[in-house]
Amino acid sequence: LDLDDPADLVLARELAGRADVVVENFRTGALDRRGLGYAEVSADNPGVVYCSITGFGSGEGADLPGYDFLVQAVGGLMSITGEHDGAPMKVGVALVDVLTSKDAAIGILAALRSRETTGHGQRVEVNLLSSLLGSLANQASSYLATGATPQRMGNAHPSIAPYELLRCADDHLAVACGNDRQFAGLCRALDLPGLAENPDYATNPARVAHREALVAILIERTEQRGRDDLIAAMEANGVPGGPINTVADALADEQIAHRGMKITPEGVPGLRTPILFSRSALSTDRASPALGSSGKL
């Protein structure tokens, strides 16, 4: 619908007037001027759950366009992404858009559940900046607890080691030792007897404190062996590790095939929701409407 067309605007108001959920992604105030804001819609449809998705909310900065790249910069994510001595870097996908849409879905479902018990609809508001800040997790908590500003660390983890890429003879591989047992397994896989008992590396805090020296020792071994050989050795010793797949590699992975993630509804390739239900079958045989499609309102 073209909301600047009076006839289409009437149809939009009719649809909103009987909808369970209205989701809008306009700048703050844009739909109010067209009579499609929450106040107008809820007056005719008191049970509606009305979800507004914006870039920066309804307060200061609300008029800024909500571009994912801009929010990654303003919200601090770029400052902790990239190599330590490199430029700030955005994530490889529009991650903030994805996070915000998931927050919107959670909020809508919660509001629908509330309506079941209260009989009242309500407005749900999410914005890109808040969703990003909420996802900073351990980095934000660390700053709030210590006052130390998180820095870019490349692929390393601020509080776990080794938890990064290691160079091998023919590629790189990702190693994620989340505890002392896994580190001991890595030492066995790399034939490094005694390293796991060394006081400098025996515990995770010690490994973090001596990260640079530890990684140098590990790479001296890993760069002498091929990636697949190393991954097999780590798997045999209970060490989380894996290849650096391309998107094509990941989508061709047998685990993806096993999970049935790839779908082709009506011949259109895509990915299904990652959520599975024990009692409710997912319907994946219908594609999104094509450009120019129309349906009865």
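Everything that follows concerns the structure shown earlier in this document.
Residues numbered from 1 in each chain as written. Predicted model: local features only at pLDDT ≥ 70, side-chain atom pairs only at ≥ 80, totals over all residues. Heavy atoms only, no water.

**Some words on unusual backbone geometry**
Stage number 1. Alanine 161 connects to proline 162 through a cis peptide bond whose omega is -10 degrees.
Stage number 2. Phi is positive for alanine 137, which is not a glycine, with a value near 50 degrees.
Stage number 3. A positive phi is found at aspartate 191, a non-glycine position, where the angle reads about 55 degrees.
Stage number 4. Tracing the chain through its elements places aspartate 191 in the loop between α7 (180-189) and α8 (204-209).
Stage number 5. Owing to a relative accessible area of 53%, aspartate 191 belongs among the exposed residues under this scheme. (Helix = DSSP H or I, 4+ residues; strand = E, 2+ residues; numbered from the N terminus. Buried < 20%, exposed > 50% of the residue type's maximum accessible area, 1.4 Å probe, protein only.)

**Examining the side chain of glutamine 72**
Stage number 1. As for its placement among the helices and strands, glutamine 72 is situated in helix α3 (residues 68-74).
Stage number 2. On the accessibility criterion, glutamine 72 (1% relative accessible area) is buried.
Stage number 3. A polar contact is formed between the side chain of glutamine 72 and the backbone nitrogen of valine 91, at a distance of 2.9 Å.
Stage number 4. With residues up to four places along the chain from it excluded, the contact list for glutamine 72 reads Leu77, Met78, Lys90, Val91, Val93, Leu95, Val96 and Leu132. (Polar contact = N/O pair within 3.5 Å; in protein donor to acceptor, adjacent residues only side chain to side chain. Contact = heavy atoms within 4.5 Å.)

**What about the packing of aromatic side chains?**
Stage number 1. By the definition in use, this model includes one aromatic pair.
Stage number 2. The interplanar angle of 65 degrees and the centroid separation of 5.6 Å between the aromatic rings of tyrosine 38 and tyrosine 50 together place this pair among those described as edge-to-face. Placement of tyrosine 38 in helix α2 (residues 38-44) and of tyrosine 50 in strand β2 (residues 49-54) is noted, with a sequence separation of 12 residues between them.
Stage number 3. Look at tyrosine 38 and you get partly exposed, because its relative accessible area is 22%. (Phe/Tyr/Trp six-rings, centres within 6.5 Å; stacked < 30°, edge-to-face > 60°.)

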